[in-house]
Each structure stands twice: as C-alpha cells, then as structure tokens.
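Residues per chain, in single letters:
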Amino acid sequence: MTFITKESRREQVALPPLDKVPEHVAIIMDGNGRWARQRGLPRSAGHRQGTENLRHIIRASAEFGVRIMTIYAFSTENWSRPRREVMLLMRILEMVIDRELQELDAEGVQIRHIGELDGIEERLARKVVEACEYTRYNKRLILNVAFNYGGRDEIVHAVQNIVRDGIAAEEITEATINNYMYTSDLPDPDLIIRTSGEFRLSNFLIWQGAYSEIYTTETYWPDFGRSAFYDALIEYGNRRRRFGKTDDQIDAEYIQQSYFKERTV
Ligand code: FPP
C-alpha cells in the first residue's frame, strides 16, 4: 500500500534546471519508523513507504543530472535491530532487485554494492552480485547501495588489504587508502543528505565525507520527495565550498577560471 502525501502531490510539477548540480549525492534515509508511528502503523509500513520514496528519488536524481547516488540501506549496526526487522530489510532489498532491476536497467542505472556480502544469506548475496553485473555498463546514474556497510569497517578492511598486499608504511598516502575503499574509482560525495532531523553521520562514508556538504531536514524519509530533494540541491548550490582555503583564495580561483573559460570560447 502507498500513501498519497502532500509531498507526493507536488511530485509532478516541472522544476527549473539547477545552476549547480552535485556530482555525487549520498543519502541517510532516516525516519521510516517515526513516519509509521505517527500514523499508528507498524515500522514495516514505514520501510515500505521509504522504499517507494526511494524509487522517486532515484528517478529524480537522474532527472536533475546527479551522476552518482549512494544510499545507506543497511548499516553494520542495523544487525542489532529486532530479528524480524532485519529480515524485513533483507526481503526489501531482494524485492527491489526482483521488481525494479529491469526498469532501472532500462533507465541507465548502474547498480553497485558497497559493504560486506559476508554475513548476508547466500541467495540474496548472489542476487546483489548479479544485479551489479547486469547493469555494469549503464552510464546515466551510478547507484551505490550501502548494505551491510559501516565506515569504520570499510577502513579496517582497507588497512587489512594494504598489509596483505605488503605495502610499506612509508609508501602509504591518502591516495593509497583511497584506492582500497569501496568507492576507489568515484569522487567523494559533494553532498550528504540526512532526513528526520538527526545531525550525525552514523558511520556512513566517514572517510569519503571529509569535505562533503551536509544537509539535514526534519522531514521523514518517506515524505522526502522529489521537490524536497530539489530544495536540498538548491541549498547545495548556494553553499561555498572552501576545502580549507580562505574566501579570498576561492574568489581568485573563480576569477581565474572565468578568465580561462572566456579565452577558450
Ligand atoms: C532508517 O529509518 C532506515 C533504515 C535503517 C532503512 C532504510 C531503508 C529503506 C528506505 C528502504 C530501502 C531499502 C533497501 C534495502 C533498498 P529508521 O527505521 O531508523 O527510522 P526511525 O529512526 O524513525 O526509527
């Protein structure tokens, strides 16, 4: 069952093109449980409505020109939830693959998995690998599904693999560590969105998110529709990213870039 919300009525409205689009957006889809509780429904209804919303946001990402999206679907800490809820989240991932794969593929979505497949039941792990394989040549949107993912866990695995590969301590740089992360061939997220009024990263992309802009909203994930997503991208466009530099340096870089652009037109 899906619910018609105020947000979903605004979903169809044409929106002006964005001036500045983040290349990589990562999302902590939080608030499914509270969304359900507010309506006197079981938590499972919140996760189902959250899944329905995810379909809209994936399409909106492609529509707005986002090239990479990373979603936090199941963290290494989520194993401590009640067994029934853990099983439900596993079933949801399986259902999404079964029902959506063809359409996502037709829309040019490349599915990737980040996290550990160890510990996930074999049938589901196989489906995840097959979905990634099936869509691997798609180019329109890279969708990283963080499932059984933890940022610290990712760093631990990276360090273990660096040691296994016999890389000497003095040769290890940030680039080396980056090469051992799940996202080694992707740019870091420009923007991390967290719904439901929480202000934490909760072990999500803690290495890659070092310079990400963070956007939080009170809206629960199932209500965070296309227009709310658009608002987040607008706010991103108004932020000034300094990467540790001063405002004057950023101004000078901007003037220099504009000068080169003019000369090359
Ligand atoms: C956090 O809300 C949400 C999750 C732990 C799961 C997110 C999953 C989906 C949106 C469904 C899509 C899933 C897959 C596998 C593709 P919460 O349950 O912590 O909400 P609460 O903080 O209000 O209790």
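About the cut-offs
- Residues numbered from 1 in each chain as written.
- Predicted model: local features only at pLDDT ≥ 70, side-chain atom pairs only at ≥ 80, totals over all residues.
- Helix = DSSP H or I, 4+ residues; strand = E, 2+ residues; numbered from the N terminus.
- Rg over C-alpha atoms; globule rule 2.2 N^0.38 Å.
- Contact = placed C-beta atoms within 7 Å.
- Core = buried A, V, L, I, M, F, W, Y, C linked by C-beta atoms within 7 Å.
- Buried ≥ 20, exposed ≤ 12 C-beta atoms within 10 Å, placed from the backbone.
- Near = placed C-beta within 6 Å.
- Nonpolar A, V, L, I, M, F, W, Y, C, P; charged D, E, K, R; others polar.
- Axes fitted to C-alpha atoms, helices over the stretch in contact; angles between N-to-C directions.
- Parallel < 35°, antiparallel > 145°, perpendicular 65-115°, else oblique.
- Left-handed = near helix turned anticlockwise from the far one by under 90°.
- Expected span 1.5 Å × (residues − 1).
- Pairing = 2+ DSSP bridges.

Asker: How would you explain the overall build of the protein if you had to name every residue and give the values?
Answerer: Helix and strand counts for the protein stand at nine helices and six strands. The C-alpha atoms of the protein give a radius of gyration of 20 Å, which matches the 18 Å a tight globule of 265 residues would have. With the principal axes as the frame, the protein shows a C-alpha extent of 55 × 55 × 35 Å. Intrachain contacts of the protein at a sequence separation of at least 6 include 77% that bridge at least 24 residues.

Asker: Can you tell me about unusual backbone geometry, naming the residues and giving the values?
Answerer: Even without being a glycine, Asn-148 presents a positive backbone phi close to 55°. Along the chain, Asn-148 turns up in strand S4 (residues 141-149). Positive phi, normally seen in glycine, also occurs at Leu-205, with a value near 50°. Following the sequence through the fold, Leu-205 ends up in the loop between strand S5 (191-194) and strand S6 (213-216).

Asker: Residues and numbers for the nonpolar core, please.
Answerer: A general tendency of soluble globular proteins is for nonpolar side chains to be buried together. Grouped together as the largest cluster of nonpolar side chains are 46 residues, with contacts concentrated most on Ile-27, Met-69, Ile-71, Tyr-72, Ala-73, Leu-143 and Ala-146. The greatest single-element share of this core, amounting to seven residues, is contributed by S4. When residues no more than four places from it in sequence are discounted, the contact partners of Met-69 are Val-25, Ile-58, Ser-61, Leu-141 and Leu-143.

Asker: Go over the site of the ligand with me, naming the residues and quoting the values.
Answerer: Within the structure, the ligand sits among 19 residues, and Gly-33, Arg-34, Gly-50, Ala-73 and Leu-93 are positioned closest to it. Secondary structure elements with two or more residues in the shell around the ligand: helix H2 (32-38), helix H3 (43-64), strand S2 (68-75) and helix H4 (83-106). For the shell around the ligand, a count of residues per class yields nine nonpolar, eight polar and two charged.

Asker: Outline the packing of H3 against H4, listing residues and values.
Answerer: Between H3 and H4, the shortest axis-to-axis distance is 11 Å and the interhelical angle comes to 30°. Classified by the angle between their axes, H3 and H4 sit roughly parallel to one another. H4 is crossed by H3, and the crossing has right-handed handedness. Residue-level contacts link Arg-43, Ser-44, His-47, Thr-51 and Arg-55 of H3 to Glu-85, Leu-88, Leu-89, Ile-92, Val-96 and Glu-100 of H4. Looking at the contact of H3 with H4 residue by residue, the class counts come to four nonpolar, three polar and four charged.

Asker: So what about helix H6 (residues 151-164)? Which residues, and what values?
Answerer: Over its 14 residues, H6 extends 20 Å from the first C-alpha to the last, a length consistent with the 20 Å expected when each residue adds 1.5 Å. Looking at the residues trailing H6, positive phi occurs at Gly-166, about 70°.

Asker: How would you summarise the pairing of S2 if you had to cite specific residues and measurements?
Answerer: In terms of residue burial, S2 counts as a mostly covered element, since eight of its eight residues are buried. Pairing of S2 with S4 involves seven bridges; the strand directions are parallel. Each residue of the ladder has a partner; that of Ile-71, found in S4, is Val-145.

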